[in-house]
Amino acid sequence: MNQGKYNFTFLFFYVTIITLLFSCQKQKKNYYESIAFNDIKLSSSPKPGSWRYNHDEHFQTFEDFQKLKKIKPQPGKNIIYLQPVGTFDELQKKEIILTKEYLKTYYQLETKIVPALPNTIFPENVRRISKEGNEQILAEYVLDSILIKRKPKDAVVLMGITEKDLFPRPEWNYVFGLASYEKGVGVTSMYRFASGHLSDSNFNESFLRLIKISSHEIGHMFGISHCLNANCVMNGTNTLIETDYHLARACSLCQRKLNSSIHYDPKKRLRELKNFFEKQHLNTELSLSQQDLNLVQ
């Protein structure tokens with residue numbers, strides 16, 4: 001081989017290696033780009049009766065989210081509190097304790113339960129009997145007249161959990177949850193998640209619904225709008241069928257929004273969520289978190 005050909009071959013080999021190294025570096029994805037592969041995109045044509053069919057909502061981009069004036073954890077004001085309201089049996093108490101553990105993992109923030117308040121705290125004028133014959137409580141009263149007055153000074157948000165059914169206004173039949181984004185208070189009801197009666201046989205079904213709605217409402221308090229990006233815990237919901245269809249997993253966009261306000265290690269959070277789902281035998285959620293882990297490990 002002559003010297004010129006040798007030099008050309010060496011140069012070609014050198015350029016190829018550099019190009020490959022640059023290409024690998026360029027293709028390296030961050031956490032959110034990686035898990036976006038597992039996002040299940042929403043249909044462009046929502047089904048009649050669904051939340052998206054009945055509500056014309058604006059797509060909240062990451063840039064939109066960044067511009068919002070919103071609640072964020074800060075030193076001395078960074079604890080999530082749960083406020084039970086009502087009379088709870090042992091299974092319901094277990095459900096609340098597990099919800100506290102889940103929210104601590106999901107938001108990577110200290111989470112505490114304060115002593116329960118009795119149902120006598122609701123005056124007659126905020127109670128009604130639903131068409132189905134069960135007692136309901138006006139959700140806005142819980143926010144404005146109960147929770148906001150009892151929000152601890154070190155709370156970033158206070159989430160009420162009631163065993164009574166809720167309604168948001170006279171013309172609505174019921175609501176799963178409601179939140180005040182500015183005041184950092186919200187409430188959800190356990191009632192419909194177990195069809196009015198929690199038992200060993202429906203515990204996991206009810207519990208999964210409770211953690212979905214609780215994390216959803218707290219997500220709103222942190223400034224995240226209803227998700228129009230993918231199947232996500234931040235999707236709006238009209239019915240239990242919709243709630244069950246939506247995942248407990250936040251999509252890549254909603255996770256990115258959350259992590260920009262609450263600075264945590266997303267891989268650590270994902271591993272802890274996987275361990276929680278495994279411990280509670282929530283197999284679909286376990287599988288999804290494992291799929292995400294496979295992409296970022």
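Residues numbered from 1 in each chain as written. Predicted model: local features only at pLDDT ≥ 70, side-chain atom pairs only at ≥ 80, totals over all residues. Heavy atoms only, no water.

### Looking at helix α10 (residues 266-279)
Since the α-helix packs 3.6 residues into each turn, any two residues three or four apart lie on the same face.
Inference 1: Between the first and last C-alpha of α10 there are 20 Å, a value that for 14 residues agrees with the 20 Å anticipated at 1.5 Å per step.
Inference 2: All of the buried residues in α10 are Pro266, Arg269, Leu270, Leu273, Lys274, Phe276 and Phe277. Seen from one end, α10 has its buried residues packed into an arc of 165°, which puts them on one side.
Inference 3: For α10, the secondary structure elements touched by its buried residues are α2 (31-35), α5 (90-107), α7 (203-221), α9 (252-261) and α11 (283-296).
Inference 4: Here α10 starts with a cap whose side-chain oxygen sits 3.0 Å from the backbone nitrogen of Lys267, and that cap is Asp265.
Inference 5: Once α10 ends, the next one or two residues include His281, with phi positive near 60°. (Helix = DSSP H or I, 4+ residues; strand = E, 2+ residues; numbered from the N terminus. Expected span 1.5 Å × (residues − 1). Buried < 20%, exposed > 50% of the residue type's maximum accessible area, 1.4 Å probe, protein only. Arc of directions from axis to C-beta. Contact = heavy atoms within 4.5 Å. Polar contact = N/O pair within 3.5 Å; in protein donor to acceptor, adjacent residues only side chain to side chain.)

### Some remarks on the environment of Asn204
Inference 1: Mapped onto the elements of the fold, Asn204 is located in helix α7.
Inference 2: A relative accessible area of 29% places Asn204 in the partly exposed class.
Inference 3: Discounting residues that sit within four places of it in the chain, Asn204 has contacts with Gln280, His281 and Leu282.
Inference 4: Engagement of the side chain of Asn204 in a polar contact is seen with the backbone oxygen of Gln280, the distance being 3.1 Å.

### Brief notes about the sheet that holds strand β6 (residues 165-167)
Inference 1: Read across the open sheet, the three strands follow the order β3-β4-β6; overall the sheet is mixed. Each having just a single partner strand, β3 (127-129) and β6 make up the two edges of the open sheet. Each neighbouring strand pair of the sheet contributes to a mean axis angle of 40°, computed without reference to strand direction.
Inference 2: Sitting on the sheet, helix α6 (residues 139-150) touches β4 (135-138) and β6, and the angle it makes with β4 is about 45°. (Pairing = 2+ DSSP bridges. Axes fitted to C-alpha atoms, helices over the stretch in contact; angles between N-to-C directions.)

### Concerning the packing of α5 against α7
Relative placement of two packed helices is described by the angle separating their axes and the distance separating the axes.
Inference 1: Running from amino to carboxyl end, α5 crosses α7 at an angle of 45°, the nearest separation of the two axes being 10 Å. Between α5 and α7, the crossing angle belongs to the class labelled oblique. Here α5 and α7 pass one another in a crossing that is right-handed. Across the interface between the two elements, Leu91, Lys94, Glu95, Leu98, Thr99, Tyr102, Leu103, Tyr106 and Tyr107 from α5 touch Phe203, Ser206, Phe207, Leu210, Ile211, Ser214, Ser215, Ile218 and Gly219 from α7.
Inference 2: Considered class by class, the residues forming the contact of α5 with α7 number eleven nonpolar, five polar and two charged. (Parallel < 35°, antiparallel > 145°, perpendicular 65-115°, else oblique. Left-handed = near helix turned anticlockwise from the far one by under 90°. Nonpolar A, V, L, I, M, F, W, Y, C, P; charged D, E, K, R; others polar.)

### Examining the sheet that holds strand β5 (residues 155-162)
Inference 1: The strand order β2-β1-β5-β8-β7 describes an open sheet built from five strands, whose pairing is mixed. Here the strands that pair on one side only, and so sit at the sheet edges, are β2 (111-113) and β7 (177-180). Neighbour-to-neighbour, the strand axes of this sheet turn through a mean angle of 20°, independent of strand direction.
Inference 2: Note: β5 against strand β8 (residues 185-189), five bridges, orientation parallel.

### A closer look at the layout of surface pockets
Inference 1: Its boundaries defined by the atoms lining it, the largest pocket holds a volume of some 490 Å³.
Inference 2: Forming the walls of the largest pocket are 21 residues, and the residues nearest its centre are Trp51, Trp172, Val175, Gly177 and Thr237.
Inference 3: Elements represented by at least two residues in the lining of the largest pocket include exactly β7 and α7.
Inference 4: Take the lining of the largest pocket: its biggest share by element is four residues, from α7.
Inference 5: Looking at side-chain class alone, the lining of the largest pocket contains ten nonpolar, eight polar and three charged residues.
Inference 6: Approximately 380 Å³ is the volume found for the second largest pocket.
Inference 7: If you list the elements that add at least two residues to the lining of the second largest pocket, you get α3 (51-54) and α8 (240-245).
Inference 8: No other element matches α8, which puts three residues into the lining of the second largest pocket.
Inference 9: Looking at the lining of the second largest pocket residue by residue, the classes come out as eight nonpolar, eight polar and four charged. (1 Å grid on protein atoms, 1.4 Å probe; cavity = no way out; pocket = protein on both sides within 12 Å on 5 of 7 lines; lining within 4 Å. Points joined across faces, edges and corners; volume = space filled by probe spheres on them.)

### Let's talk about the state of the cysteines
Inference 1: Within this structure, the stated rule accounts for zero disulfides.
Inference 2: Not engaged in a disulfide, the cysteine Cys227 finds its nearest cysteine sulfur in Cys251; these two sulfurs lie 3.7 Å apart.
Inference 3: Relative accessible area serves as the criterion here: at 5%, Cys227 is assigned to the buried category.
Inference 4: Free cysteine Cys254: the closest other cysteine sulfur is in Cys251, separated by 3.8 Å. (Disulfide = S-S within 2.5 Å.)

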